[in-house]
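# Structural overview
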Amino acid sequence: MNAIKLLQYVVFFCWTVFSIFVILEIMGQFYRPQRGKKKAENVECVLVSVANYKVKKSLLECIAYTKEKLDNHLWLLVDEGSESIPQFQENSLVIVPASYRKDLIGKGRAINYFIEKEVQPDKWYAFIDDDHLILDDSFLYEIPYYEERGYVAMNPVLFPRKGKSTLTYIMDFIRYFNDLTMFRFFTGFLKQPLAGLHGELLTVKGKVLKEIGYGNPSIVEDFRFASELVRRGYKTWQSNTKVSIKSPNSIGDLIKQRGRWFKGIAMEWKYCPLLMKEITGLKLLIWVLGIFGSWAMVPLWFFWKPLWFFWEPAFWFSFPGSLYYWVIYLYGVMMSKKPYYFFLIPLFGIFESISAYAGLRQKGFVVIDKN
């Protein structure tokens, strides 16, 4: 088999697997979260931050916004010696001692300390980062309904807001569409976080937090927590609440961010239950190989008959995934109000794939600039 033929099969495989995910996820559109009649009163928000110069401005913005938007108790969770700790009441500020569990990493270390010291079994805890703005309080009305039926955790829908880079703002809409499709299907429709959970407004019952904890060293602590929920058969839902997330300030920061996710998930893959392992394994594989299926290679595809001409089965296997790709980024371009970015859309798949390779070279927990 020559190199061109092999590459042809790789491209076909990537887009076909992507298409399968898209078709399955369309089923998730039948899912709609339910609400109770009253707002939950047993919910506390936990803002986790490195509190350094890279996030100082966004941290202060997040604190002010959250206090204005929600009446719930707000904890601030930071490491001892952090540079930019805002003034907080003593019963709302938790400082993680430098001597605590040095084997743990970043955000997971801080949350594990909070679980040990402050979490109460009968309360719910909503974790937010220092760049999050919670756009509505739907999740507070959903919690009573799902708590009564034995659910223990939920995720919201993420919606990007622009940082310093229009390019990364457009690319971040893949997170919004993934929440509307993949996460809605697994976390909501199937009631199991088989594709993982993201830490943005991850909301968990205190009893389950104390049972599972964040005591495993991981640079993707929320994914590892999701795998433990799946292993124990706990039920989850996806909320109607939208959370505004700040997009990375540069393409370099986006690659670092995505790279950490890829490396972390790859490291945690072996701990996943079997079905979650299969789903995650396919996602990791097409993440790596996606660079060969990028739309930037369309000029070459034109000469590879099975991948281009509409009367070939391969074209139709690939079509749903490729259409999804274009819908995501066309929407992002529309939201940016800068139509000339349309011409960069073929490159976005390459940037996402490059992050996978870059992630394997990263060391430690990467914090990007959010100011």
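Everything discussed here concerns the structure shown above.
Structural notes, computed from the coordinates. Fair warning: this is a prediction, and the values are worked out from it, not measured in the lab. (Residues numbered from 1 in each chain as written. Predicted model: local features only at pLDDT ≥ 70, side-chain atom pairs only at ≥ 80, totals over all residues. Heavy atoms only, no water.)

### Comments concerning the pairing of strand 2 (residues 74-79)
Consecutive side chains of a regular strand alternate in pointing toward one face of the sheet and then the other. Within strand 2, five of the six residues are buried, which leaves it mostly tucked inside the rest of the structure. Bridge analysis of strand 1 (residues 43-48) against strand 2 gives four bridges, and the strand direction is parallel. Its bridge partner lying in strand 2, Leu47 is registered against Leu76. For the crossover from strand 1 across helix 2 (residues 56-69) to strand 2, the handedness is right-handed. As defined by bridge partners, strand 2 adjoins strand 3 (residues 93-96) across four bridges and the pair is classed as parallel. Each residue of the ladder has a partner; that of Val78, found in strand 3, is Ile95. (Buried < 20%, exposed > 50% of the residue type's maximum accessible area, 1.4 Å probe, protein only. Helix = DSSP H or I, 4+ residues; strand = E, 2+ residues; numbered from the N terminus. Pairing = 2+ DSSP bridges. Right-handed = clockwise from strand over helix to strand, strands pointing away.)

### Considering helix 14 (residues 345-359)
Between the first and last C-alpha of helix 14 there are 22 Å, a value that for 15 residues agrees with the 21 Å anticipated at 1.5 Å per step. Within helix 14, the full set of buried residues consists of Ile345, Pro346, Phe348, Gly349, Glu352, Ser353, Ser355, Ala356 and Gly359. (Expected span 1.5 Å × (residues − 1).)

### Details of the pattern of salt bridges
Following the criterion strictly, the structure yields 16 salt bridges and no others. For Glu148, the salt bridge is made with Arg149, and the minimal N-O distance between the two is 3.7 Å. Among the residues examined, Glu148 registers a relative accessible area of 67% and is labelled exposed. Across the salt bridge formed by Asp172 and Arg258, the nearest N and O atoms sit 2.9 Å from each other. Placement of Asp172 in the loop between helix 5 (166-171) and helix 6 (173-189) and of Arg258 in helix 9 (residues 251-268) is noted, with a sequence separation of 86 residues between them. Side by side, Asp172 and Arg258 carry an identical accessibility label, which is buried. (Salt bridge = Lys/Arg side-chain N within 4 Å of Asp/Glu carboxyl O.)

### A word on the packing of aromatic side chains
Going through the model one piece at a time under the given rule, you end up with 28 aromatic pairs. Ring geometry for Phe177 and Tyr324: centres 6.4 Å apart, planes at 80°, overall edge-to-face. With Phe177 in helix 6 and Tyr324 in helix 13 (residues 313-336), this pair connects stretches of sequence that are 147 residues apart. For the residue pair Phe177 and Tyr324, the accessibility class agrees, reading buried in each case. Ring geometry for Phe342 and Phe343: centres 5.4 Å apart, planes at 80°, overall edge-to-face. The exposure class of Phe342 is partly exposed, given its relative accessible area of 34%. (Phe/Tyr/Trp six-rings, centres within 6.5 Å; stacked < 30°, edge-to-face > 60°.)

### Focus on the sheet that holds strand 1
Read from one edge to the other, the open sheet built from eight strands follows the order 3-2-1-4-7-6-8-5, with strand pairing classed as mixed. At either margin of the open sheet sits one strand with a lone partner, and together these are strand 3 and strand 5 (132-134). If you compare each strand with its neighbour and ignore which way they point, the axes differ by 30° on average. Running at roughly 10° to strand 5, helix 2 makes contact with strand 1, strand 2, strand 4 (124-129), strand 5, strand 6 (151-161) and strand 8 (235-246) of the sheet. Relative to strand 8, helix 4 (residues 138-148) is tilted by about 170°, and along the sheet it contacts strand 1, strand 4, strand 5, strand 6, strand 7 (202-205) and strand 8. (Axes fitted to C-alpha atoms, helices over the stretch in contact; angles between N-to-C directions. Contact = heavy atoms within 4.5 Å.)

### Looking at unusual backbone geometry
Of note in the backbone geometry, Lys191 takes a positive phi value of approximately 65° without being a glycine. The residue Lys191 is located in the loop between helix 6 and strand 7 in this model. Residue class for Lys191 comes out partly exposed when judged on its relative accessible area of 35%. For Leu201, which is not a glycine, the phi torsion comes out positive at approximately 50°. Among the secondary structure elements, Leu201 is positioned in the loop between helix 6 and strand 7. You can call Leu201 buried: its relative accessible area is 0%.

### Side note on the nonpolar core
Counting residues in hydrophobic clusters, the biggest one holds 48 residues, and the most contacted among them are Val46, Leu77, Phe114, Phe127, Leu209, Phe225 and Leu229. Contacts of Phe225, omitting those with residues within four sequence positions, involve Leu202, Val204, Val208, Leu209, Ile212, Gly213 and Tyr214. Membership of the second largest hydrophobic core comes to 29 residues, among which are Cys45, Val78, Ala126 and Tyr146. (Core = buried A, V, L, I, M, F, W, Y, C linked by side-chain atoms within 4.5 Å.)

### Overview of the pairing of strand 6
Within strand 6, eleven of the eleven residues are buried, which leaves it mostly tucked inside the rest of the structure. As paired elements, strand 6 and strand 8 share nine bridges and run parallel to each other. Directly across from Met154, in strand 8, lies its bridge partner Trp237. Sheet analysis places strand 6 next to strand 7, joined by two bridges and oriented antiparallel. What sits directly across from Met154, in strand 7, is Thr203.

### Brief notes about the side chain of Glu200
When you line up the elements, Glu200 lands in the loop between helix 6 and strand 7. The exposure class assigned to Glu200 is buried, which follows from its relative accessible area of 9%. Here Glu200 is in contact with Phe127, His132, Asn155, Pro156, Leu158, Arg175 and Ile245, once residues within four sequence places are set aside.

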